[in-house]
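The lines below spell out each chain.
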Amino acid sequence: MKKEIASLIELDRQRTLLAHIDALLGWDQETYLPKSAVDERAEQIALIQGLVHEKAVDPRVGQLLSALEKHPDLEPLEKAYLRVSRREYDKETKLPPDFVMELARQTSLAQAAWADARRTNDFALFAPHLEKVIELNKRLANYINPHGRPYDVLLDLYEEGSTEAGIAAIFAQMKADTLKILSKIQSRPQVDDSFLHRPVSADRQARISLYLMDAVGFEKDKGRLDTVAHPFTTTLGKSDIRITTRYIEDFLASSMFSTIHESGHALYEMGIDPDPEYSGTRLAEPVSMAIHESQSRLWENMIGRSKAFWERHYAKIQEMAGTLDDVDLDSFVLAINKVEPSLIRTEADEVTYGLHIILRFELESSIMADKLAVKDIPEAWNAKTKELFGLDVPNNSSGCLQDIHWSMGSFGYFPSYALGNLYAAQFWHQMHKDIPDLEAQLAAGKTSVPLAWLRKNVHCHGSFYKPDELVKKATGEGLSPRYFAEYLDNKYAAVYGY
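Now for a look at the structure at hand.

So, how was this worked out
Residues numbered from 1 in each chain as written. Predicted model: local features only at pLDDT ≥ 70, side-chain atom pairs only at ≥ 80, totals over all residues. Heavy atoms only, no water. Helix = DSSP H or I, 4+ residues; strand = E, 2+ residues; numbered from the N terminus. Polar contact = N/O pair within 3.5 Å; in protein donor to acceptor, adjacent residues only side chain to side chain. Contact = heavy atoms within 4.5 Å. Salt bridge = Lys/Arg side-chain N within 4 Å of Asp/Glu carboxyl O. Buried < 20%, exposed > 50% of the residue type's maximum accessible area, 1.4 Å probe, protein only. Expected span 1.5 Å × (residues − 1). Bend = angle between axes of the 7 residues up to and from the residue. Axes fitted to C-alpha atoms, helices over the stretch in contact; angles between N-to-C directions. Parallel < 35°, antiparallel > 145°, perpendicular 65-115°, else oblique. Left-handed = near helix turned anticlockwise from the far one by under 90°. Nonpolar A, V, L, I, M, F, W, Y, C, P; charged D, E, K, R; others polar. Core = buried A, V, L, I, M, F, W, Y, C linked by side-chain atoms within 4.5 Å. Pairing = 2+ DSSP bridges.

Thoughts on the side chain of Thr244
Relative to the assigned elements, Thr244 resides in strand β3 (residues 240-245). At a separation of 2.7 Å, a polar atom in the side chain of Thr244 contacts the main-chain amide nitrogen of Phe232. Those residues within four positions of Thr244 in sequence are excluded, and the remaining contacts are Thr31, Leu225, Asp226, Val228, His230, Pro231, Phe232, Ser258 and Glu262.

Looking at the pattern of salt bridges
Going through the model one piece at a time under the given rule, you end up with 42 salt bridges. Two residues, Asp403 and Arg360, come together in a salt bridge whose shortest N-O distance is 2.6 Å. Placement of the pair is Asp403 in the loop between α15 (377-389) and α16 (415-434) and Arg360 in helix α14 (residues 350-368), with a sequence separation of 43 residues. Neither residue differs from the other here; Asp403 and Arg360 are each classed as buried.

So, helix α11 (residues 289-303)
With 15 residues, α11 should reach 21 Å at 1.5 Å per residue; the first-to-last C-alpha distance of 20 Å fits that figure. The principal kink in α11, of about 30 degrees, is found at Arg297. Among the 15 residues that make up α11, 14 are buried, leaving the element largely enclosed by the rest of the structure. One side-chain oxygen of the residue at the start of α11 lies 3.4 Å from the amide nitrogen of Ala290, identifying that residue as Ser288.

Brief notes about the packing of helix α8 (residues 164-186) against α16
α16 packs onto α8 with a crossing angle of 60 degrees between their chain directions and a minimal axis gap of 11 Å. If you check the angle between α8 and α16, you find them oblique. Here α8 and α16 pass one another in a crossing that is left-handed. On α16, the residues touching Ile167, Ile170, Phe171 and Met174 of α8 are Pro415, Ala418, Leu419 and Leu422. Looking at the contact of α8 with α16 residue by residue, the classes come out as 8 nonpolar, no polar and no charged.

Quick word on the nonpolar core
Note on soluble globular proteins: their nonpolar side chains tend to be buried together. Among the nonpolar cores identified, the biggest contains 137 residues, and Trp310 and Phe332 are the most heavily contacted of them. Trp310 has contacts with Leu212, Met256, Phe257, Gly304, Arg305, Ile317, Leu329, Phe332, Val333 and Ile336, leaving out every residue within four places of it along the chain.

Considerations on the sheet that holds β3
Across the sheet, which stays open at both edges, the 3 strands sit in the order β1-β3-β2 with mixed pairing between neighbours. The two strands at the open ends of the sheet, each matched to only one other strand, are β1 (223-227) and β2 (233-237). Strand-to-strand twist in this sheet, taken as the mean axis angle between neighbours without regard to direction, amounts to 25 degrees. Where β2 meets β3, 4 bridges bridge the pair, whose relative direction is antiparallel. Within β3, the position partnered with Thr233 by the bridge is Ile243. The strands touched by helix α10 (residues 252-271) are β2 and β3; relative to β3, the strand with the most contacts, the crossing angle is about 165 degrees.

These figures come from the coordinates and say nothing about function on their own.
And the structure:
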């Protein structure tokens, strides 16, 4: 059996190496690729993803899985590895190679078209690409499960076991909780954050970002920071995790919290270590996108927007920014926690953020059910924005063109962000129980303390546990929306005094 496991691991590692090469091509496309190179890059990515798929569906993988699954004396790590491998093998073997390459080609072209469309506020430029990507997603769902509801199939790709009905129920409660808290906040005097909009050069913001990466424990010998239109994190190897941010000169908070957010993603990837024997395999990968998002949201908001964190770091940021000398710590902390309905998801406050995800979830649901045509997306987006936020959308760049995800083909991904908030709040609650002096540790600059808790309870396991098993092991109970609602209500009652 050991020989068979070793053979399966070797095949898996070959697939992982090719997947990391594919990720490198994608990272380069978003950061440094010359505009005229887009078409050839799309062909390169299609070829590499075709090779990744070829490795994933190698008949030897199926033969080894079948043989090993019959073995009566499997150890827990072996069982977990076979579970993860079987799920992916069964999915991949349902996808025709030509389809895999076409999906890769079209999403690469779509991402480039989206970047141009967003920059020029020209939805018509992106629309034909979006139509192709949607059609390919529907085909993807049909290949994987021809008897399932397409959107259920796509949701399950990002969070195992997710269904549209289940997420809709969670979001209904989240929406009610959010609107209740928002109503309380809006009844109080509002926070002044105008000083965060004083111009700070990109060079100064870059130095601040590098400082904040150090502050949260990012290992710079295992990654780097670059700039893009839409920040992301990507893993190019066990010791090569790249993060990106963007610099808006008249809004310092954007790059600061984008950098902390992406660093949270990177810290998770850097901490995955279920067992050295399984390094470079599917078991040494994140268990789900919602768990991944829980890490970025926890660092960005629960740590990164806390007064305790800034007690240690604010003086240095004042010095580096050069625009906050007249702003005391309390005023700064209030400003970075200001709650106000806004158009841009990535700049949204903690309270209204979930409404952005609900908007996208409801539109995706309509798109996948053939109830919303591409040409009607801008109008539908604007109507949902007015309904949920009370805001008018001035242009598509601030509306339906703001996110990269649809161009990437990632339908079903958005709910992970909101579910990530729920996981994060539950982890945060348990962390405080396990570390009673957590705030004091943060105030002393010891972010290594919460990082150590996350390493032990979340990061190290990789995909050994399913998401629901992981949260239960870490906190003693299954995922519950109440911790996020309680977290928001307690925090913002203190911020706004309601």
